[in-house]
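Chains, contacts and geometry: an overview
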Amino acid sequence: MRAGRGILLTGATGFLGRYLLRHLLSAGHGVGVLVRDSGKQAAAERVAELVASLSEGVGRELPCPVMLSGELGQRGLGLTLVDRQWLGRNCSAVVHAAGDLSFQARTDGEPWRTNVQGTNELLRVCGQLGLSEFHHISTAYVCGRRRGTIGEEDRECGQGFHNPYEESKFEAERAVRLTGGLRATVYRPAVIVGDSRTGYTSSYAGLYRFLELAARLAEAEAGWPADRRRDAGGLLPARRLPLRLPLTGDERSNLVPVDWVARAVVSLVGRPSWHGHTFHLVSQAPVALRVILETAAQELRIEGVEFAGRNAGEDTGRLGQLFQDGLRQYWPYLADQPVFLCQNTRAALPDLAPPAMDGPMLRRLIRFAIADGWGRARSRAADDSACQARQLLCATYIEQVFPRQARQSPLARLAGLNLMVALDIRGPGGGQWSCRWINGELSCISRGLEPGAELTYHTDTATFEAVVQGRQSPQQAFFEERIAIRGNVETALKLAVLFDQFLREISFPPADRTEAMGVTTSPA
Amino acid sequence: MSRLPQLDVPTVVEEVAFPAGSYRLQGELAYAEDAPVGGVAVLAGPHPLLGGNLHNNVVRGLGDGLAARQLASLRFNYRGVGRSEGPQVDVARHLAQFWQTSHVPDEMDLWQDVQGAVDFMRATPDPALPVALIGYSFGCALLPHVRLPGARSAFILIAPTLGKHDYDSYRSVDAPALVIASEDDFAVDAGEVQRWFSRLAMPKRLLRQRLDNHFFRGHESWLVETVVGFLRSQWR
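The text that follows walks through the structure, step by step, so that each part is easy to find. Keep in mind it's a predicted model, so treat the numbers as computed, not measured.

Moving on to the overall build of chain A. The helix and strand tally for chain A stands at 19 helices and 22 strands. Expressed as a percentage of the 524 residues in chain A, the buried residues total 56%. For chain A, contacts bridging at least 24 residues in sequence account for 76% of all contacts bridging at least 6. With an accessible surface of roughly 21600 Å², chain A has 50% of that area assigned to carbon and sulfur atoms.

Turning our attention to the side chain of A:Ser473. All names here are of chain A. For Ser473, the position within the fold is in the loop between helix 17 (461-468) and helix 18 (474-479). By relative accessible area, Ser473 is classed as buried at 1%. Polar side-chain contacts of Ser473 include one of 3.0 Å to the backbone nitrogen of Gln476.

This part is about the sheet that holds strand 8 (residues 204-209) of chain B. Residues and elements named next belong to chain B. Ordered by their spatial adjacency, 8 strands build an open sheet running 1-2-4-3-5-6-7-8, and the pairing between neighbours is mixed. Because the sheet does not close on itself, it has two edges, and the strands there are strand 1 (11-20) and strand 8. Neighbour-to-neighbour, the strand axes of this sheet turn through a mean angle of 20 degrees, independent of strand direction. Seen against the sheet, helix 3 (residues 111-123) touches strand 1, strand 2 (23-32), strand 3 (39-44), strand 4 (71-76) and strand 5 (131-136) and runs at an angle of roughly 125 degrees to strand 1. The strands that helix 5 (residues 190-198) touches are strand 6 (153-158), strand 7 (177-182) and strand 8; relative to strand 8, the one it contacts most, it runs at about 170 degrees.

The next thing to look at is the pattern of salt bridges. Residues and elements named next belong to chain A. Inspection of the entire model under this criterion finds 32 salt bridges over all chains. Taking the shortest distance from any N to any O, the salt bridge between Arg197 and Asp259 comes out at 3.7 Å. You can see Arg197 sitting in the loop between strand 8 (191-193) and helix 6 (207-222) and its partner Asp259 sitting in helix 8 (residues 258-269), a full 62 residues away along the chain. Take Arg197: its relative accessible area is 22%, and that puts it in the partly exposed class.

Residues and elements named next belong to chain A. Burial analysis of helix 17 places 7 of its 8 residues in the buried class, the great majority of the element. Among the residues making up helix 17, those that are buried are Thr461, Thr463, Phe464, Glu465, Ala466, Val467 and Val468. The opening residue of helix 17 is Asp460, an N-cap whose side-chain oxygen sits 3.1 Å from the backbone nitrogen of Ala462. In the stretch just after helix 17, Gly470 is the one whose phi turns positive, near 80 degrees.

All right, on to the environment of A:Cys157 then. Residues and elements named next belong to chain A. Examined against the element boundaries, Cys157 turns out to sit in the loop between strand 6 (149-150) and helix 5 (164-178). Residue class for Cys157 comes out partly exposed when judged on its relative accessible area of 40%. C-alpha of Cys157 to C-alpha of Cys143: the two residues are 14 residues apart in sequence and 8.2 Å apart in space.

Each value, and the rule that gives it
Residues numbered from 1 in each chain as written. Chains lettered and ligands numbered in written order. Predicted model: local features only at pLDDT ≥ 70, side-chain atom pairs only at ≥ 80, totals over all residues. Heavy atoms only, no water. Helix = DSSP H or I, 4+ residues; strand = E, 2+ residues; numbered from the N terminus. Buried < 20%, exposed > 50% of the residue type's maximum accessible area, 1.4 Å probe, protein only. Contact = heavy atoms within 4.5 Å. Areas by Shrake-Rupley, 256 points an atom, 1.4 Å probe, with all protein chains shown as cover. Polar contact = N/O pair within 3.5 Å; in protein donor to acceptor, adjacent residues only side chain to side chain. Pairing = 2+ DSSP bridges. Axes fitted to C-alpha atoms, helices over the stretch in contact; angles between N-to-C directions. Salt bridge = Lys/Arg side-chain N within 4 Å of Asp/Glu carboxyl O.

As structure tokens, this is what we get:
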């Protein structure tokens, strides 16, 4: 890292933070990250894992940031003297993305402890060490209970707040602005949702809570879960959920994908002439609740949910009341959305409009959430050993999952595939298989390397797993020498494109296929 | 070009978007952080269905490496790739056709994407700077269609796909050209390279050696040194 030009990032292991880290590193910034040691894992390990994962996502090795072990809430951020000196010598800017999302005051002092006290301590350390460029991730909802249009430079308007989260973020913004000697740039995103391209999220607040509750209510009513639809090839009937919502459906929700928010912030970090301003990072065309409901109903396999109108009051039935009670804290973000002006953002980022939050995008978000068990699958999966998972993966995928999915895909038939391909997968759980297509039909899969195979792909279980799970394209794996090819290289690369598209079709709806004309690496 | 240093300088990589025909393309602009720019380079990558994106090892290696030698570089995603806008296509039929023919309709129109990148670069640092057009694989076939009125330029062709695409237009190119061909390239016959090269009229140089088939993995730094050396000799 060059002296004095680096950036300190807080909250790097959080949902938005990991995207910020990825874009900062990709843009060539030297980055120091403030990470606390958790009970299970040392900070260095968490950052190393994170960077490895991000590198895989961008398809190249990202430089490792400098890891600073500490915590916002501690005096001096809990930094060692050596780390403080390093920070003073090497960094001139801070991107402050750490935050607590609690909507209710907790006994441990959150969200005030992180959002206000932590920010104040960070500001104090910045002053001591001469870090004068401060990029503060706030929220559009510091506007609190205000309605109508909200300007980017609007600050205290006696607005009042829905919850401690909004108020604590407001107080943090005020502290940032009042600190002398800082050039403060404030970013106010609307409701951050998953990755626009993959649907990935690690944060299941807001919109996701509504959808999950709807899914669980439907599950309770019908007696079977939404994700059974995948196994059954979509043949199960829709589940009836007689839910009346006290809304018109024309209300709009301001959702922004996490990858766009991160890209916008990092772009603005790189445009010093815009520093010192406030930016609403919001959708310019918020999505109507009716669109969300229609998409969710398809994906969750439910029917019977209806908008009963704003005057429905308590006439929303048992389920309606249950739904409202369960999500009371999020209700203000559905019913009375203000209009966020974004002249600064538009002027500063004319080349980076937010992606449209439309049906296909919502489908991606919902599908990821369902596959992820609304956040529960990941924690369950973490308990399994990777080796055990891989042992199951190769044989199960090649012999059971792939043939079933291949029969549903038109790709091989359209291409008229006529060839035999062998797979040699090394490592625990690996093995050797041969697959034959005749006139576009997958005719057989056998164990072992058939001598008549025109192509053989050699790889390892970790790479195979990354490809099948969509974390890396097969072509990219070849270019990184994680897959070797024996046979006609051009044919093998073309087949890799077909397989990549096949995997996309399995993961995404047909409407999204047009974006995949070329080959792109899988995002984190 | 004589201003280009022998040693690397710190660089910045900035994500950009630029117009090309009716689309906006995603690119990465790399340049020396605190040093003057001695020229610009536009990198046209492989076929979009054969690894042609801005993450490609040759494209990225050259983009970053040239920037460190004070040559501002632009790598980009062709239309429809990554976050570049592109036409609506029936992807399944598109890929099926590519599987059968190794071509897709209108693929040669992608020269317009290179033109957009060149126009962007000529407008960005300084219109008077010399321009290096660098093609890799399929990208080589697009370069002779690019218009560079009044610019001092040079062509770098890395693993040109002779026999798969039309390279006759190079006969009317008069800017100096460096051709780098791998002796073990699956995509082209060595004799074909020699025959085509001998018919070119511009000041030219042909380098042939084993370079990891068509892929140059592990040879990225060598490519940077070779390209910088050629440009230095031409742009003195």
